[in-house]
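Here's the letter readout for the chains.
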Amino acid sequence: MCDTSGAELLERAGLARGELDLLAGCPPCQGFSTLRTMRRQSAVHDDRNELVLEFLRLVRETRPRFVLMENVPGLARDELFRKFVKGLGDMEYGVDSGVLDCSKFGTPQRRRRLVVVAAQGMEPSLVLSGGEDRSVRDAIGAIAGSAGHSGDPLHDHGERRSPEIQSIIERIPSDGGCRADLGEDAQLECHRVAAARGDGWGRDCYGRMAWDSPAPTITGGCVNPGKGRFLHPEKNRAMTLREALLLQGFPEDYRLSMTRGKYAAADLAGNAIPPPFVKAQAQALRHLATSGGFAP
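(A) Spatial organisation of the overall build of the chain. Each helix and strand in the chain was counted, giving ten helices and four strands. Along its sequence from the N terminus, the chain presents helices and strands in the succession α-β-α-α-β-α-β-β-α-α-α-α-α-α. By residue count, 45% of the 296 residues in the chain fall in the buried class. Looking at the chain alone, contacts between residues at least 24 apart form 67% of all its contacts between residues at least 6 apart. Accessible surface, the chain: about 15100 Å² in total, of which carbon and sulfur atoms supply 49%.

(B) Here's a closer look at the packing of helix H1 (residues 6-13) against helix H3 (residues 51-62). Contact geometry of H1 with H3 gives a least axis separation of 8 Å together with a crossing angle of 60°. Taken together, the axes of H1 and H3 lie oblique to each other. The interaxial crossing formed by H1 with H3 has right-handed handedness. Here Gly6, Leu9 and Leu10 of H1 lie close against H3, whose contacting residues are Arg57, Leu58, Glu61 and Thr62. Here the residues of the contact of H1 with H3 are counted per class, giving three nonpolar, two polar and two charged.

Basis of the calculations
- Residues numbered from 1 in each chain as written.
- Predicted model: local features only at pLDDT ≥ 70, side-chain atom pairs only at ≥ 80, totals over all residues.
- Heavy atoms only, no water.
- Helix = DSSP H or I, 4+ residues; strand = E, 2+ residues; numbered from the N terminus.
- Buried < 20%, exposed > 50% of the residue type's maximum accessible area, 1.4 Å probe, protein only.
- Contact = heavy atoms within 4.5 Å.
- Areas by Shrake-Rupley, 256 points an atom, 1.4 Å probe, with all protein chains shown as cover.
- Axes fitted to C-alpha atoms, helices over the stretch in contact; angles between N-to-C directions.
- Parallel < 35°, antiparallel > 145°, perpendicular 65-115°, else oblique.
- Left-handed = near helix turned anticlockwise from the far one by under 90°.
- Nonpolar A, V, L, I, M, F, W, Y, C, P; charged D, E, K, R; others polar.

Here you go:
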């Protein structure tokens, strides 16, 4: 982002400054995430945090009619966020922001995100909810073909586990069970040490999703059960990339490149904005554009 100018973006799009309808972005959020801050009140030092202001620079250089930014809730507590919102106001954008849960928009996943919408010379409003509640069962309960034999690369990539880890997974109760159900003697040493410290690290690791609830937040570690509650509700494996995409709200035929391997693809899947969620916000901006005299 630092090496990209607004003029370059506009040239590629064949537009002049002020003609761009929407500039959307999500600067890297790792420095503001509670997974990094361990529930501190401010972000950890991460050079990528400054990319929030680089996004503001691109707004200044392109002057789009509308701006949409998504990030983790922790950004709202940071001084960089206040600078971002003030910068938009200084350019005479009306701004609305808030922390929303994607599960309220027909996405089968609990995913809280900070969303900012801005409109040039108008006052936008976030859409707070929309769509029917959906569960893990709704999303992946009837997926065609068993993992490893479906003919879909995103469902057949497989996984490797040591016999010790596989044994633990096989004993975890189905439909929402977790490794704590097995007793302290069955815990890995790293988990016993974390519990003794009382830091709660990894309490969802090697946990199963529950069929009739939304999935937990899908992250770039979604294909690794050591990264969170990412075990299938009843199969003795982690979710597949296809299942992760369905839980993110992508259509069944959505394609994701596997040329860089499973984990690189998982990063793309986990960092994506759920389509049903962003569609609701985009439709609201479209309506505002029409009512405000802008071409939709």
